[in-house]
Amino acid sequence: MATVPDETALRVGPDADPRGVLSFAMTHSLELADLRFTDVPGTLQHFTVPMSELSEETFTAGVGFDGSSIRGFQEIQESDMLLIPDPQTALVDPVYEVPTLALTCNVMDPVSREPYSRDPRWVAMKAERHLADSGVATVSYWGPEAEFYVFDQVRYDSREQEAFYHIDSEEGIWNSGRDGLTPNLGHRPRFKQGYFPAPPTDTFQDFRSRAVLALAAAGVPVEAHHHEVGTAGQGEIDLRYAPLTRQGDQLQLYKFILKNLARKEGKTATFMPKPIFNDNGSGMHVHQSLWSGDRPLFFDEDGYGRLSSLALSYIGGLLAHAPALLAFCAPTTNSYRRLVPGFEAPVNLVYSQRNRSACVRIPVYSDRPETKRVEFRCPDPSANVYLAFAAMLMAGLDGIERGLDPGEPIDLDLYELPAERAAEIQQTPGTLEEVLGALEEDHAFLLKGDVFTPDLIETYIAYKREVEVEGLRLRPHPYEFFLYYDV
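Rules behind the numbers
- Residues numbered from 1 in each chain as written.
- Predicted model: local features only at pLDDT ≥ 70, side-chain atom pairs only at ≥ 80, totals over all residues.
- Heavy atoms only, no water.
- Buried < 20%, exposed > 50% of the residue type's maximum accessible area, 1.4 Å probe, protein only.
- Helix = DSSP H or I, 4+ residues; strand = E, 2+ residues; numbered from the N terminus.
- Pairing = 2+ DSSP bridges.
- 1 Å grid on protein atoms, 1.4 Å probe; cavity = no way out; pocket = protein on both sides within 12 Å on 5 of 7 lines; lining within 4 Å.
- Points joined across faces, edges and corners; volume = space filled by probe spheres on them.
- Nonpolar A, V, L, I, M, F, W, Y, C, P; charged D, E, K, R; others polar.
- pLDDT = per-residue confidence, 0-100.
- Contact = heavy atoms within 4.5 Å.
- Axes fitted to C-alpha atoms, helices over the stretch in contact; angles between N-to-C directions.
- Parallel < 35°, antiparallel > 145°, perpendicular 65-115°, else oblique.
- Left-handed = near helix turned anticlockwise from the far one by under 90°.
- Expected span 1.5 Å × (residues − 1).
- Salt bridge = Lys/Arg side-chain N within 4 Å of Asp/Glu carboxyl O.

Draft legend 1. Quick peek at the pairing of strand 14 (residues 284–292). With respect to burial, strand 14 is a largely interior element, 8 of its 9 residues being buried. With 8 bridges joining them, strand 7 (residues 139–151) and strand 14 adopt antiparallel strand pairing. Across the sheet, Ser140 pairs through a bridge with Leu290, a residue of strand 14. Bridging between strand 14 and strand 18 (residues 374–376) involves 3 bridges; their strand directions are antiparallel. Opposite Gln288, over in strand 18, you have Val374 as the bridge partner. Across 2 bridges, the pairing between strand 14 and strand 15 (residues 295–296) is antiparallel. In the strand pairing of strand 15, Trp291 is matched with Pro296. The antiparallel pairing of strand 14 with strand 15 creates a hairpin that spans 2 residues between the two strands, and Gly293 there sits at a positive phi of about 65°.

Rendered as structure tokens:
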């Protein structure tokens with residue numbers, strides 16, 4: 001990986017213009033530029049050009065690419081699209097061995113010269129603009145906690161006559177009895193007991209620290225990192241809060257750095273929500289707050305959990321639209337292997353202070369007004385972060401606009417409630433198919449301010465149904481052979 005001693009010099013300033021970016025590249029002797037954007041499902045895409053192909057004009061004229069080859073974008077008869085680099089995202093890539101300028105781009109239609117309606121980053125930018133236009137707040141801040149696993153190897157395949165997956169990790173508790181060519185040194189976290197153990201049980205301390213330093217070099221502030229609950233290398237790196245689009249950019253960079261760092265070290269990192277049966281899945285709890293200038297709007301000294309009435313209505317919006325939100329926030333069939341009771345997954349559509357069994361938690365670590373926020377715990381890191389953040393903001397704003405009441409908080413362990421009481425609490429839907437149906441029925445709140453468009457929502461639902469829901473439904477499952485082969 002490329003390294004530059006002065007970490008503060010690895011990224012342009014927040015007010016950078018095209019001329020400043022070109023000067024920055026020259027200062028660091030960068031000869032290549034990597035142009036990046038995100039497809040509809042949420043995967044980072046890129047291609048690379050020599051710096052000689054980049055000029056000030058490129059930042060307005062754009063660079064062409066084939067949109068028909070990108071999931072969720074164009075048909076082949078209308079495939080020409082443009083990437084417009086955002087100069088304020090320029091940085092020295094912290095992963096590539098060849099020193100390279102990295103630029104996050106927006107997508108533009110070359111005919112209309114308008115931003116592309118299915119560009120996830122443009123949706124995030126429109127959500128921020130809609131917030132400002134609403135008069136409710138001037139900025140929203142987002143703090144995601146994207147969990148992950150790091151394995152030593154993974155094998156999987158799905159064919160007409162076979163389907164399987166196999167993962168392994170030196171840290172996995174299943175290797176505690178292994179007798180192999182190398183000594184077995186013990187010290188492995190047991191299933192669901194991996195939260196916060198010190199080394200030698202936590203074998204990924206230095207790996208996560210190297211990832212944190214790479215993020216810092218790329219201008220991404222980190223608050224903390226630690227081992228997570230799962231055995232076999234589950235971890236978490238918490239990014240410092242940032243405005244919506246900026247945080248979307250940072251989270252894409254975080255996933256990019258982590259996957260590539262793992263690969264460089266002969267390992268493999270995944271943000272798949274539930275790769276291991278009977279252990280905790282990987283979530284992405286999302287902290288969020290609204291501000292007017294320098295004034296936090298979610299704080300009220302006398303409110304429940306010191307939340308303002310505006311914050312409670314915001315929670316009301318999250319809970320009211322939760323089934324539809326999950327189409328963006330927990331958007332894979334695998335997400336619903338995680339969203340089940342018993343693995344710290346938040347399946348109960350209620351709110352509570354301090355309570356991690358609720359879908360919406362109100363952290364109470366600090367009394368300072370600027371720390372007051374709400375945490376939506378249902379999302380997972382398979383989400384397209386631009387679309388998920390934008391959808392959550394739109395749901396919260398709808399709650400504020402309509403004065404939605406989130407109901408009474410429940411400050412109890414929701415997993416241990418009596419059956420009669422538990423039956424009264426609405427739970428999250430149990431399948432991707434259900435949440436896509438909920439989005440189909442409940443998306444008017446997303447269309448306000450032209451933030452989401454019907455075209456994007458229809459394309460998203462169609463892709464998810466055809467490729468993921470139907471694709472899985474048609475295939476025999478390996479566990480079915482365990483259950484039914486001898487019928």
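Draft legend 2. The arrangement of empty space enclosed by the protein in detail. Inspection of every chain in the model, using the stated rule, returns 2 cavities of 30 Å³ or more. Taken as a whole, the largest cavity holds about 150 Å³ of empty space. Residue lining of the largest cavity: 14 residues in total, with Arg36, Leu91, Thr104, Asp249 and Leu253 positioned closest to the centre. Looking at the lining of the largest cavity, the elements that each hand over two or more residues are strand 6 (100–108) and helix 5 (244–264). With 5 residues, helix 5 is the single largest residue contributor to the lining of the largest cavity. Across the lining of the largest cavity, the residue classes break down as 6 nonpolar, 4 polar and 4 charged. Quantified by volume, the second largest cavity comes out at close to 30 Å³. Lining the second largest cavity are Arg36, Phe37, Thr38, Thr104, Cys105, Arg121 and Tyr386.

Draft legend 3. Region of interest: the confidence of the model for the protein chain. In this model, the protein chain carries a mean pLDDT of 92, and residues with pLDDT of at least 70 account for 98%. Every residue in residues 1–8 is under pLDDT 50, and counting partners more than four places away or in other chains gives 17 contacts.

Draft legend 4. The arrangement of the environment of Phe37 in detail. Tracing the backbone shows Phe37 in strand 1 (residues 32–38). Given a relative accessible area of 3%, Phe37 falls into the buried group. For Phe37 and Ile84, which are 47 residues apart along the polypeptide, the C-alpha to C-alpha distance reads 9.6 Å. Ignoring anything within four residues of it in the chain, the contact list for Phe37 reads Thr43, Leu44, Gln45, Phe65, Ile70, Phe73, Leu83, Cys105 and Val107.

Draft legend 5. The arrangement of the packing of helix 3 (residues 120–134) against helix 9 (residues 385–402) in detail. One can describe the packing of helix 3 onto helix 9 by two numbers: an axis separation of 8 Å at closest approach and a directional angle of 25°. In terms of orientation, helix 3 lies roughly parallel with respect to helix 9. Between helix 3 and helix 9 the crossing geometry is left-handed. Taken together, the residues of helix 9 that come into contact with helix 3 (itself represented by Pro120, Arg121, Val123, Ala124, Ala127, His130, Leu131 and Ser134) are Tyr386, Leu387, Ala390, Leu393, Met394 and Leu397. Of the residues assigned to the contact of helix 3 with helix 9, the class counts are 11 nonpolar, 2 polar and 1 charged.

Draft legend 6. Broad picture of helix 6 (residues 309–320). With 12 residues, helix 6 ought to run about 16 Å at 1.5 Å a step, and its terminal C-alpha atoms sit 16 Å apart, in line with that. The set of residues buried in helix 6 consists of Ala311, Ser313, Tyr314, Ile315, Gly316, Gly317, Leu318 and Leu319.

Draft legend 7. Layout of the pattern of salt bridges. Following the criterion strictly, the structure yields 27 salt bridges and no others. The salt bridge partner of Arg118 is Asp455, with a shortest N-O separation of 2.8 Å. In this pair, Arg118 is assigned in the loop between strand 6 and helix 3 and Asp455 in helix 13 (residues 454–473), connecting sequence segments 337 residues apart. The class for Arg118 is buried, based on a relative accessible area of 14%. For Asp455, a relative accessible area of 30% gives the class partly exposed. Between Arg159 and Glu162 there is a salt bridge; the shortest N-O distance is 3.6 Å. Given a relative accessible area of 46%, Arg159 falls into the partly exposed group.

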